[in-house]
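A look at the structure
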Amino acid sequence: MREVAPDIVHLNGLDFPLHARLLSTLPPPVVVQDHASNAARPRLGRLRRWGHAHAAAALFTAEAQAEPFRAARQLPARALIFAVPESSSGFETGDRAEARVRTGVRGDPAILWVGRLDANKDPFTAIHAFRLAREHLPGAELWCVHGTDALLPALERSLAEDPALASHVHLLGRVPHAQVEQLCRACDFLLATSHREGSGYALIEALACGLPPVVSDIAPFRALIGNLAESRFVAPGDAPAFAEGLVSLAREANDQRRAAVRRHFDAHLAFPVVGRRLVEIYQSVIARSARA
């Protein structure tokens, strides 16, 4: 740090209070960025209060995500709060028919779910919503990409009790990252049932591919999607409402909506946009530090 003499320090994560404290002893202002941290961790909370005491700013996907950290005094009252996506994606839109050949995806519509099989990502709500949606969309198929599999045995038992549904739910497990892009191109909707997120990389990647989303109504998803008409927000855990969102989007199908989703991505979430936003934030923090 002393050798490089930067104008500002960007520390990725709120879970490194020792690093934050040490870096704050040097002249450049320090900004910390949330990556799905949890304010409800008392032991780490005390360390955060100490480590972040001199942080100049904190970055979140949505400003509202800072509130629990402020309330727990894990961020100093004087720290500036900024909203900026955690990252972007290099995924692109592509030919749906070609992607279906490459992936074997089928369905009218084909619905994509991506996440860990845990309580927060809530795959059971996704399965229940899909079951209800199929009453109105009999050709629908659900394709699930999942990493950690804590709930996999319970999910498999649940599907085994309903063989008719199970034949339309495809548990793909972990796939190469490039395959996720092809799945986004091949499917018609993204279904995201998370209760909490730092940002939502699967959502960002889906939007990059022009995939209309039906997602939990949580602050980071709101920040990423904004007022995009080709989307639906649903209270976490509300399977009937998720089903209604899927059905309503399916009934409003048109040839231009993928292009509209991609335009939203280019305008608000592409790497150059996120980069410009970060530069604005850095300049603001540096200017405030200079005045102080």
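Look above for the structure.
Residues numbered from 1 in each chain as written. Predicted model: local features only at pLDDT ≥ 70, side-chain atom pairs only at ≥ 80, totals over all residues. Heavy atoms only, no water.

Comments concerning the sheet that holds strand S9 (residues 213-216)
Within the open sheet, the 6 strands sit side by side as S7-S6-S5-S8-S9-S10. Their pairing is parallel. Each edge of the open sheet carries a strand with a single partner, namely strand S7 (169-173) and strand S10 (232-234). On average, each strand axis in the sheet is inclined to that of its neighbour by 20 degrees, with strand direction left out of account. One ladder, built from 2 bridges, connects strand S5 (residues 110-115) with strand S8 (residues 189-192); its direction is parallel. Residue Ile 111 lies in a different strand from S8, and its bridge partner there is Phe 189. Of the strands in this sheet, strand S6 (141-146) and S7 touch helix H6 (residues 152-160), which is tilted by about 160 degrees from S7. Contacts from helix H11 (residues 239-251) reach S5, S8, S9 and S10 within the one sheet, and its direction differs from that of S9 by about 160 degrees. (Pairing = 2+ DSSP bridges. Helix = DSSP H or I, 4+ residues; strand = E, 2+ residues; numbered from the N terminus. Axes fitted to C-alpha atoms, helices over the stretch in contact; angles between N-to-C directions. Contact = heavy atoms within 4.5 Å.)

A look at the layout of surface pockets
In this model, the largest pocket occupies a volume close to 750 Å³. Those elements that place two or more of their residues in the lining of the largest pocket are S5, S6, helix H8 (177-186), S8 and helix H9 (201-208). When residues in the lining of the largest pocket are grouped by element, the largest group, 5 residues, is from H9. Across the lining of the largest pocket, the residue classes break down as 14 nonpolar, 14 polar and 7 charged. Here the second largest pocket is characterised by a volume of approximately 250 Å³. Arg 96, Asp 108, Pro 109, Asp 188, Phe 189, Pro 212, Ala 250, Ala 253, Asn 254, Asp 255, Arg 257 and Arg 258 together form the lining of the second largest pocket. Grouping the amino acids of the lining of the second largest pocket by side-chain chemistry returns 5 nonpolar, 1 polar and 6 charged. (1 Å grid on protein atoms, 1.4 Å probe; cavity = no way out; pocket = protein on both sides within 12 Å on 5 of 7 lines; lining within 4 Å. Points joined across faces, edges and corners; volume = space filled by probe spheres on them. Nonpolar A, V, L, I, M, F, W, Y, C, P; charged D, E, K, R; others polar.)

Let's talk about the sheet that holds strand S2 (residues 30-33)
Ordered in space as S1-S2-S3-S4, the 4 strands form an open sheet in which the pairing is parallel. Bordering the open sheet on either side are strand S1 (9-12) and strand S4 (80-83), each of which pairs with just one other strand. On average, each strand axis in the sheet is tilted by 25 degrees relative to the strand beside it, whichever way the strands run. For S1 and S2, the ladder comprises 4 bridges, and the chain directions are parallel. Directly across from Leu 11, in S2, lies its bridge partner Val 32. Against the sheet, helix H13 (residues 271-291) contacts S1, S2, strand S3 (57-60) and S4, and its axis sits at roughly 170 degrees relative to S4.

A short note on the environment of Ala 160
Among the structural elements, Ala 160 can be located in helix H6. Remark: the alpha-carbon pair of Ala 160 and Ala 260, spanning 100 residues in sequence, is separated by 39 Å.

Here's the deal with the nonpolar core
Counting 34 residues, the largest nonpolar core has Leu 112, Leu 203 and Leu 207 as its most contacted members. Elements that contribute at least two residues to this core include exactly S5, S6, H8, S8, H9, helix H10 (219-225) and helix H12 (257-268). If you tally residues by element for this core, the top one is H9, at 5 residues. Apart from the residues lying within four places of it in its own chain, the contact partners of Leu 203 are Leu 190, Pro 213, Val 215, Phe 221, Leu 224 and Ile 225. The next biggest cluster of nonpolar side chains, apart from the first, holds 27 residues, and it includes Ala 126, Leu 152, Phe 189 and Val 247. (Core = buried A, V, L, I, M, F, W, Y, C linked by side-chain atoms within 4.5 Å. Buried < 20%, exposed > 50% of the residue type's maximum accessible area, 1.4 Å probe, protein only.)

Considering the packing of aromatic side chains
Per the counting criterion, the structure on display carries 1 aromatic pair. Measuring from centroid to centroid gives 5.6 Å for Phe 60 and Phe 69, while their planes differ by 40 degrees, and the two rings are tilted. As far as burial versus exposure is concerned, Phe 60 and Phe 69 are alike and both buried. In this structure, Arg 222 packs its charged tip against the face of Phe 233, placed 3.8 Å from the ring centre. (Phe/Tyr/Trp six-rings, centres within 6.5 Å; stacked < 30°, edge-to-face > 60°. Lys NZ or Arg CZ within 6 Å of the ring centre and 35° of its normal.)

What about unusual backbone geometry?
The peptide bond linking Asp 108 to Pro 109 adopts the cis configuration, its omega dihedral lying at 5 degrees. Position of Pro 109 among the secondary structure elements: in the loop between helix H4 (96-103) and S5. In this model, Asp 122 sits at a positive phi of 60 degrees, which is unusual for a non-glycine residue. Topologically, Asp 122 is positioned in the loop between S5 and helix H5 (123-133). Take Asp 122: its relative accessible area is 11%, and that puts it in the buried class.

Re the packing of H9 against H12
Packing of H9 against H12 brings their axes to within 7 Å, and their N-to-C directions diverge by 120 degrees. Taken together, H9 and H12 sit at an angle that is classed as oblique. Here H9 contributes Ile 204, Leu 207 and Ala 208 to the contact with H12, which in turn contributes Val 261, Arg 262 and Phe 265. Its residues assigned to classes, the contact of H9 with H12 comprises 5 nonpolar, no polar and 1 charged. (Parallel < 35°, antiparallel > 145°, perpendicular 65-115°, else oblique.)

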